[in-house]
Structure formats: structure tokens, C-alpha cells
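Summary of the model geometry
Next come the chains, spelled out residue by residue.
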Protein chains: 2
Amino acid sequence: MKINIAILGSTGSIGENILDIVRKDKKNLKVVLLTANKNYKKLIKQAKEFKVKNILIYNDKYYEFLKVKLKDRKINIFSRKTKLNIILKKKVDYTICGISGLSGLKPTLDVIKLTKTIASANKESIICGWNLIMKKLKKYNTKFIPIDSEHFSIWNLTKEYSNDDIEEIILTASGGPLLNSPIKIQKTITPEKAVRHPNWKMGKKISVDSANLMNKIFEIIEANRMFNFDLDKYKILIHPQSYVHTIIKFKNGLIKMLLHDTNMKIPIFNSIYDNKIKYISSKKINSKTLNNLNFYEVDKLKFPSIKLLKKISKENTLYDTVITIANDELVKLFLQNKISLRQVVENLTKIINLKEYKKYYSKKPTSLDEIYKVSELVRLKTNRISV
Amino acid sequence: MKINIAILGSTGSIGENILDIVRKDKKNLKVVLLTANKNYKKLIKQAKEFKVKNILIYNDKYYEFLKVKLKDRKINIFSRKTKLNIILKKKVDYTICGISGLSGLKPTLDVIKLTKTIASANKESIICGWNLIMKKLKKYNTKFIPIDSEHFSIWNLTKEYSNDDIEEIILTASGGPLLNSPIKIQKTITPEKAVRHPNWKMGKKISVDSANLMNKIFEIIEANRMFNFDLDKYKILIHPQSYVHTIIKFKNGLIKMLLHDTNMKIPIFNSIYDNKIKYISSKKINSKTLNNLNFYEVDKLKFPSIKLLKKISKENTLYDTVITIANDELVKLFLQNKISLRQVVENLTKIINLKEYKKYYSKKPTSLDEIYKVSELVRLKTNRISV
């Protein structure tokens, strides 16, 4: 039996990675659904290459267009108006969410009942909506696998363990492009330079988050929600080579590290085959690489974002939406040259400290609408305060 | 229910380590048997402190002596003539073998049917007699846990995996006290200096094996027998800090490292509680320590022992006894100042290449006597050739 795969957001980098995995194992893997926001050209190309029966485009502008372009093909074309359970009649084996930003949350929630496993690296959705995701996972007995390298590593190393078994969890951070630059650069650096990540090819938003270490703050929030290990067990170490993804110290004195090439394909690949070990081509262990690994404490003056760890609530609340969305907007403003990189965390700290947001600190999200509502308020406020 | 523990060789460093663990968890651990070779004073002290009902001394000279010394105590004192099944009426939960050298093999084989789990770091016995050990383990459904840090690490990281899942297994070697010395020192170094191991407090024999890397050759043989992973998957890297004990690359692109303080107590501790995670005090993860880890390829000119890896048979045969015993004798000769450290491996290479030993290369050991017989022949020959 082939593994049936649905890909939410197939035209992004995660979508391309998983399709490349499918390309190499067509015998065992079959794509049954592709979705995209607006990149209809790539969507058509993918649907043809992988003989996918169902495609869905979220942006209405391209829906009719797709219909015309593919009219001679036996491909079902859907718009965002079609519910996923109309397309997927029975549970698929595996769904991957390659959508970025909070717009991934609704598709994620919708697909949980329609898939046996969901793999996701959709940070914003996990952070803002974990309570909603978790409830649905339980209700529909769906397995969740994080595919961000750090979370995949924690998941892989802690499968059999509980909070009481674990002493420390280290997430490594590359330190981004500004690790070795003086602090003052953060006031003048252009968006073009700030997004040049040394190790990973990533989108602009996440590259900015990486340049000021916000990415790692979000990863700790995400990990804490997902894994039920106490927040104060998490720590960040700067590790410029991005080869070691997590280091876990167990209470029994053993320390385990998980390493893999800086290639998203490895966690994605392993999330599909789950417990089975299948072969993927990757670099051999190299003593020169191992011999030159560095680990440093985070410089708090250079990366003041690390202080935000103390502001995080102990479980998923609407306050997570405040932090996520305020940061989202501030990064946009930086990318539009309206504020400096340094101001992103400065303003973020101001905004999340606003009295009006305190009420969200202990309020668990109970619906998508609630999250959207808070996010809209925070977007407006962030812009008003910052520009 | 307390975990009942038998300690074979309780007066050595492994015995002391496990007794210290028992000392800290008397609520859950109970020692039911102590054995020693001749250190009767320490044996008496241990028996009294841990209120052990049964003690056995291998060296007959001290048997009567012990009887007198302990005549007012309710302690059963046995000599080597008493079979273990007379002492242990039903299976104990856990036995640890802290005896070094080939003399550990008989007690190991004898105890397998009398224990649910046996933990051992008795390299020579495992290497020479694995076939015999393995058969008994199967017959009596006894679990074997290696407690040498490297083997414990491989065991821990590969529990659920088979040969096909694994691409590479790296054993780390400290490089011993001569890592950074010129090769010619190996011709003149005194035994006193050669046994000064930089990281581990160990016996003289194993310290010499560490100084010329023979220890690591034996560890690879041992691992290969124990774990059923192909011999050519093993590799040695020099890692002077002895903090990382093994590095395993799986075929799925993931690399796992196991680290712990350079303290035998950690693997021993974990072998007792097995899958349960119990707390043991150990150093926190330290970025400075991680930042200064080194890994190098082995210098074949400095450590010609590494070439012996090509001479090893693919499964446990009597040839393992030839290598083990020849090395054993050569180390004795070095410790007696009769040959140089450099000559240990030089002579070892000559001896194992002797035509008369070729017949053992594919001959599996079928009895203890067979191993003893070969070992006696090799002892004589090694001395005759070397001195």
C-alpha cells in the first residue's frame, strides 16, 4: 500500500522538499492533494508531474484561470470555498503543512480529522493555536510530527520520556548573519543584508527572526506547548554551524545530541516514514566538521530578545498571539525600511508590556475567531505605535 | 520489591562504583552476594557495611581466614569450590561482573542462569567467549548490558535498530597519555608514565592498552560481537576529552551522540534501573565544555595498532583469544620493563600472523577449556618470542 500524502502549501520550500522526496520514492509515496495560495504556474507543473488528482488554490483570482488551463486534464480543481472533507473522502496517511504564518492555522485545524499524521513547521499556527490543534489531534486520534529541525530533534530524542526524566533541553541557534557584527549595525543594517542567513535558505520573515534571535524565542514557546516539558528546562546556545540541532540532558546523567546536515529534507523525510529507517543520501561523519563545532552562551546585549523568555506564559494563551503578531508586523515594517532591525525587539517589548494585553496572559484560545480578533487588534496597535 | 544484586569482583573499581550507588539507594537496592579474589579486608568491610548474607573468595589462602574473622556474624562464607547455584537459590535481578581479564569468563558463564540481567565490562571474557556467553544468555533468557561507556552508549542508542538501519558507528578514543608525544617516546617510556591516563582512573593493564590504542581495537571487536552490526561500520576517532562516547549515523540521515561525564558510575547506574530514568547527580551542560571538544582521525604511524582492525575475524573465533592473550602477555612484559611500549603492538602483529594460529581464524569456541588451552599456548609462545 502506498502512503497517501496531502500537501498544504505545495509551492513553498517545504512543499518542494517533500515533492523531491516523493520523486525519489514514487513506488511508496502518492500525492493526493496539492494546495497553493497564488503560485498557480508552479501548482500546475507539480500537479502534472506527480499526477495529482486534486488541487486547491486559496486565492480566488486564479481559480477560474486554473480551470481553463487544466480543462483537458482529469484533475479536480477546488477553491478555498470547498471544504477539505469534500476532497478527502477518507483519512489520508500523511499531511504536511508548508504554509507559513497564521494563515496556516485554519487549514491545519481543518485537515486534522482527515489525516492519520500531520507534519508541520508552521510556527505561528502552532504558537497561537496549539490549544485548538491539540484538542483536535486528541479528538481525531491524529499524530502530530514537528518538522522544524530543532523540534523534530526534540521529538525524536524524547519520544519515550516525560517531563520528570529531563533536566535540560538546549536549542541551538546559528546566531544569524549578525552574530559577529557590532551591536550598532542592528540600527542601520538594510533588510537585504539582514536576511542573508549563513546556513539555511529561508524566507525573509524567518531570516529576520533569525538575525535577532526571535526565531529561537518562538521555537522555545513552540517546543514548550508541543512537548509538555517545563519552560525553564529550555536554554539557547549559539552554535554557528547549525549541525547539532538539540542537546538533551536526562536526569540519569546521559546527554544526547541530534545532528543532521542543514537540510530540511532530512526531518521531512523521517516524518513520512516515521519509525522505519529508510535510506536518504547524506554526508558521512567528518572529523573536521566535528572538530570545529562551536557553542557559546547568548550575548544578552546583542540579542535582547532573549529577555522575552521571561515574559512567556506557561501554557498556550492569547498572549502568544500578541507576541507572534506584534513581531510579524514589526518584521514587515523593518522589511519596508520603516523601522530598524534593533527596533523590532525594542518595540515588541514595549507592545507586549502594554496594560491592555495583560488580560490575554492567562486566557486560553477557544476558537480561531478569537485568535484572529486579537491578531487584528495587535496588528493595528503595532503599526500605530511604531510608525 | 528491592532489586537484588550480586557483585562478582566487588573490591575492584566497578565493585566500588556499584556499592556507592547502592549506598545512595538502599531503599530500592539490596546486595545478596559479594565475591573477591584476594582483597579479604575490603571484602569484610563491604559485607559488614551492606549487610550482605553471602560472600565468596576465590583465593583459597583467605578462605579459612575469613571464616575466623567473621565467625560471630551471620554471613555465609564460600570458597571457589562452591557452585554459584548453591548460593543463589533463585534468579537474582541483577549481577555485575567487575572481574578483569579472562578469569571473569567462568564466573560470567556460571552466573547467567542465576540472574535476570548481567552487566559487564569484562572485555577479555566478552571478546574470547562471546559465543559461549551468547548461547547461555539465550538459553536462560538473561539480559546482557555492557557497562563500558562506549558499549553502553551504543547499546543505549541502537536498542530499537538493526544492522540495516545503521551507516556508521564511531567509537571515540582519548588517545591516552602519548597522544601529543613524538612516536620515539613509545620506545623509551616507562610503565609508570605510560599508565597515567589523562581522563579515566583505571587499572595498569587497560591504561597501557589505552596508551597504544589497543583498548579501542578490543572495544570494536567487543562491540561487533555484542551488537551484530557489520565490522566495517565501526570507526575510531580521537577525542581527547572523553566526553562524547559514541557517535552513530543512521541511514535516515540522523546522527546521534551520547555524552556523559567521564565517570563509570553513570553507565553502571543506568544498567541497574535499565529503562527507568532515575536521578543521578552529574554536571550540567556547559557551553565551554561543548565548545572545546576535539575530534581527529587516528594517526596510523603513531598508533599502528589500528591496522590490526583488518586482521579481526568477522565473528567470535578462537583467533580472538590469540589476540587477547598475546596482548595480555605483552603488556605484562612491558610493565615488567622487558619490552618497550612500541614493541607491544609490533610483537602482537608478529604473533597473530604466525602460521600456527591461522587455523583458529574461523574456529568458533565451543567450550571454556578450548579457550583456556589456546590461551596457554599463546601465553607460552608470546613469552618465548618476546623475551
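Criteria and cut-off values
Residues numbered from 1 in each chain as written. Chains lettered and ligands numbered in written order. Predicted model: local features only at pLDDT ≥ 70, side-chain atom pairs only at ≥ 80, totals over all residues. Heavy atoms only, no water. Axes fitted to C-alpha atoms, helices over the stretch in contact; angles between N-to-C directions. Helix = DSSP H or I, 4+ residues; strand = E, 2+ residues; numbered from the N terminus. Parallel < 35°, antiparallel > 145°, perpendicular 65-115°, else oblique. Left-handed = near helix turned anticlockwise from the far one by under 90°. Contact = heavy atoms within 4.5 Å. Nonpolar A, V, L, I, M, F, W, Y, C, P; charged D, E, K, R; others polar. Pairing = 2+ DSSP bridges. Salt bridge = Lys/Arg side-chain N within 4 Å of Asp/Glu carboxyl O. Polar contact = N/O pair within 3.5 Å; in protein donor to acceptor, adjacent residues only side chain to side chain. Least-squares fit on C-alpha atoms with pLDDT ≥ 70 in both. Buried < 20%, exposed > 50% of the residue type's maximum accessible area, 1.4 Å probe, protein only. Domains from an automatic or database assignment. Buried area = accessible area lost by both parts, 1.4 Å probe. Disulfide = S-S within 2.5 Å.

Thoughts on the packing of helix α6 (residues 123–139) of chain B against helix α11 (residues 214–227) of chain B
Residues and elements named next belong to chain B.
- Following both chains from N to C, one finds α6 and α11 inclined at 50°, their axes separated by 9 Å at the closest point. By the angle between their directions, the pair α6 and α11 is classed as oblique. The hand of the α6/α11 crossing is left-handed. Residues K123, I126, I127 and W130 of α6 pack against N215, F218, E219, I221, E222, R225 and M226 of α11.
- Classifying every residue of the contact of α6 with α11 by side-chain character gives 6 nonpolar, 1 polar and 4 charged.

Thoughts on the sheet that holds strand β5 (residues 92–97) of chain A
Residues and elements named next belong to chain A.
- The 7 strands lie next to each other as β4-β3-β2-β1-β5-β6-β7, forming an open sheet whose pairing is parallel. Of all strands in the sheet, those bounded by a partner on one side alone are β4 (76–79) and β7 (143–146). Averaged over all neighbouring strand pairs, the angle between strand axes comes to 20°, with direction disregarded.
- The sheet contact formed by strand β1 (residues 3–8) and β5 spans 4 bridges and is parallel.

Observations regarding the interface of chain B and chain A
- Contacts between the two partners involve 43 residues from chain B and, on the opposite side, 42 residues from chain A.
- The interface formed by chain B and chain A includes 0 salt bridges.
- Taken together, the connections running from chain B to chain A amount to 21 residue pairs in polar contact (both at pLDDT 80 or more).
- For the side of chain B that touches chain A, the elements supplying multiple residues, two or more each, are α7 (149–158), β8 (166–173), β10 (244–250), β11 (255–259), α12 (265–273) and α13 (287–291) of chain B.
- With 5 residues, the top contributor of residues to the side of chain B that touches chain A is β11(B).
- By residue class, the composition of the side of chain B that touches chain A is 23 nonpolar, 9 polar and 11 charged.
- Where strand β11 (residues 255–259) of chain A meets β11(B), 5 bridges bridge the pair, whose relative direction is antiparallel.

Observations concerning the relation of the copies chain B and chain A
- Its rotation angle being 180°, the transformation that places chain B on chain A also includes 0.0 Å of axial translation and leaves an RMSD of 0.0 Å. Here the copies are linked by what is in effect a two-fold axis. Scanning chain B for the C-alpha nearest the rotation axis identifies B:M257, at a separation of 2.5 Å.
- Comparing contact sets, 98% of the residues at the interface of chain B also lie at the interface in chain A, consistent with an isologous, same-surface contact.

Thoughts on α7(B)
- Among the 10 residues of α7(B), 10 are classified as buried, and the element is accordingly described as predominantly covered.
- When α7(B) is considered as a whole, its buried residues turn out to be B:S149, B:E150, B:H151, B:F152, B:S153, B:I154, B:W155, B:N156, B:L157 and B:T158.

Digging into the side chain of A:T115
Residues and elements named next belong to chain A.
- If you trace the backbone, T115 turns up in strand β6 (residues 115–120).
- T115 sits in the buried class, given a relative accessible area of 0%.
- At a separation of 2.7 Å, a polar atom in the side chain of T115 contacts the main-chain carbonyl oxygen of T117.
- Setting aside its immediate chain neighbours within four residues, T115 contacts K91, V92, D93, Y94, T95 and T142.

A look at the sheet that holds strand β4 (residues 76–79) of chain B
Residues and elements named next belong to chain B.
- The strand order across the open sheet formed by 7 strands is β4-β3-β2-β1-β5-β6-β7, and the pairing between neighbours is parallel. The open sheet is flanked by β4 and β7 (143–146), the only strands paired with a single partner. For this sheet the average axis-to-axis angle between neighbouring strands, irrespective of direction, equals 20°.
- Note that strand β1 (residues 3–8) and strand β2 (residues 29–36) share 6 bridges and pair parallel. Its bridge partner being in β2, I3 is matched across the sheet by L29.

A few points about the domain arrangement of chain A
Residue and element names in this part refer to chain A.
- Split into domains, chain A comes out as domain 1 (3–146), domain 2 (147–310) and domain 3 (313–387).
- One C-alpha centre belongs to domain 2, the other to domain 3; they are set 23 Å apart.
- Contact residues are listed per partner, giving 26 residues for domain 2 and 21 residues for domain 3.
- When residues of domain 2 are sorted by the area they lose upon contact with domain 3, P191, R225 and L308 head the list and together hold 28% of the total.
- The interface formed by domain 2 and domain 3 holds 1 salt bridge in total.
- Two residues, D320 and R225, come together in a salt bridge whose shortest N-O distance is 2.7 Å.
- Across the domain 2-domain 3 interface, the total number found is 8 residue pairs in polar contact (both at pLDDT 80 or more).
- Elements with a contribution of two residues or more to the side of domain 2 that touches domain 3: α8 (185–188), α9 (191–194), α10 (204–211) and α11 (214–227).

Comments concerning the environment of A:K204
Residues and elements named next belong to chain A.
- When you line up the elements, K204 lands in helix α10.
- On the basis of relative accessibility, which here comes to 57%, the residue K204 falls in the exposed class.
- Excluding residues within four positions of it along the chain, K204 makes contact with V195 and L335.

What about the packing of α10(A) against α11(A)?
All names here are of chain A.
- Orientation of α10 relative to α11, taken along the N-to-C sense of each, is 95°, at an axis distance of 5 Å. In terms of orientation, α10 lies roughly perpendicular with respect to α11. Packed against α10, whose contacting residues are I206, D209 and S210, the element α11 presents M214, N215 and F218 at the interface.
- A breakdown of the residues in the contact of α10 with α11 according to their chemical character gives 3 nonpolar, 2 polar and 1 charged.

Digging into the state of the cysteines
Residue and element names in this part refer to chain A.
- Under the definition given, this model contains 0 disulfides over all chains.
- Not engaged in a disulfide, the cysteine C97 finds its nearest cysteine sulfur in C128; these two sulfurs lie 13 Å apart.
- Assessed through its relative accessible area of 0%, C97 is described here as buried.

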